[in-house]
Amino acid sequence: MKKLLFLVLIISIITSLSCKKDKREDNLVYKNGAVVITFDDHYVDKWLMADTVLHKYNWKATFNLTLFNKRTEEEIQGLQYLESQGHEIAGHGLNHQNALEYVNAHGLDSYLKNEVDSLTFLMNQKFKRVKTFAFPNGSTNEELNTAMFQRFRILRGTTDKTINPIFQDCYFTGNHFIHAWGIDASYPHYSQALLTQLLEFAHQEGFILILYALTMAGLAEL
Ligand SMILES: [Zn+2]
């Protein structure tokens, strides 16, 4: 029951995204707040389960894919189904390499060629043009971001701070580099109490909270 109430809280905030945009000058404040949910890696069956649970709320998510060359035809069809429902299919590195470690070892050009362009080349044959990239482990720097913004509209890092929501940076403020706060129960920083605080703070302030997960299995299992 507790879990169900928690889900209802999330959904009530998600649904407020669709039509209640406030007319404040930066256009980035929503009455009742909003939540952006992103998923990483390749758990297509779990993502489809999450969609089964949440599609009645007309939710939309971004799915950041890695190891695309290892996906089965069935998984690709599942992803194409998600895209047909209005979700975004985005990039997360061909082999899930830590970008800064890779760049330090092999150079920037090599990272862009082997981890980024090779992935988007494959993905663009199956989905709409890839416009968003989430860095594995949130690993990046200014130089890399500059090169990546030649290729993508939105770049996503991660944050795992356990500080008060008022000091967090996991909100959309107009910057096309965004940080997402992880909500899988396996993350050391995660607690349902802190997530509830973040949701309530976004709701109260009209902020757009950005989250990421691998499977969101806890919700999909409800
Ligand atoms: Zn990942």
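No experiment lies behind these values; they were computed from the predicted model shown.

What counts as what
Residues numbered from 1 in each chain as written. Predicted model: local features only at pLDDT ≥ 70, side-chain atom pairs only at ≥ 80, totals over all residues. Heavy atoms only, no water. Axes fitted to C-alpha atoms, helices over the stretch in contact; angles between N-to-C directions. Helix = DSSP H or I, 4+ residues; strand = E, 2+ residues; numbered from the N terminus. Parallel < 35°, antiparallel > 145°, perpendicular 65-115°, else oblique. Left-handed = near helix turned anticlockwise from the far one by under 90°. Contact = heavy atoms within 4.5 Å. Nonpolar A, V, L, I, M, F, W, Y, C, P; charged D, E, K, R; others polar. Salt bridge = Lys/Arg side-chain N within 4 Å of Asp/Glu carboxyl O. Buried < 20%, exposed > 50% of the residue type's maximum accessible area, 1.4 Å probe, protein only. Donors = N, O, S within 2.8 Å, 3.2 Å for Na, K, Ca; no water.

Chemist: So what exactly am I meant to see when it comes to the packing of helix H2 (residues 44-54) against helix H3 (residues 73-84) here?
Modeler: Between two packed helices, what matters for the description is the angle formed by their axes and the separation of those axes. Interaxial distance between H2 and H3 falls to 10 Å at its minimum, and their mutual angle equals 30 degrees. The angle between H2 and H3 places the two elements in the roughly parallel class. Along this stretch, H2 crosses H3, giving a crossing that reads as left-handed. Contacts from Val 44, Trp 47, Leu 48 and Asp 51 of H2 reach H3 at Glu 75, Gly 78, Leu 79, Tyr 81 and Leu 82. Taken together, the residues that form the contact of H2 with H3 break down as six nonpolar, one polar and two charged.

Chemist: Just checking my understanding: could you explain the pattern of salt bridges for this structure?
Modeler: Opposite charge on two side chains permits pairing when their charged atoms draw close. Throughout the structure, instances matching the rule amount to four salt bridges. Where Arg 71 meets Glu 75, a salt bridge forms, and the shortest distance between an N and an O atom there is 2.9 Å. What makes Arg 71 buried here is its relative accessible area of 15%.

Chemist: Help me out: how do you make sense of the coordination of the zinc ion in this one?
Modeler: Under perfect tetrahedral coordination by four donors, a metal shows angles of 109.5 degrees; under perfect octahedral coordination by six donors, it shows angles of 90 or 180 degrees. Of the protein atoms, only Asp 41 (OD), His 92 (NE2) and His 96 (NE2) coordinate the zinc ion, at distances of 2.0 to 2.2 Å. Mapping the donors of the zinc ion onto the primary sequence yields the spacing D-x50-H-x3-H. In this pair, Asp 41 sits in strand S1 (residues 34-41) while His 96 sits in the loop between strand S3 (88-91) and helix H4 (99-106), placing the two residues 55 residues apart along the sequence. Overall, His 96 belongs to the partly exposed group, its relative accessible area being 28%.

Purely geometric numbers; function is a separate question.
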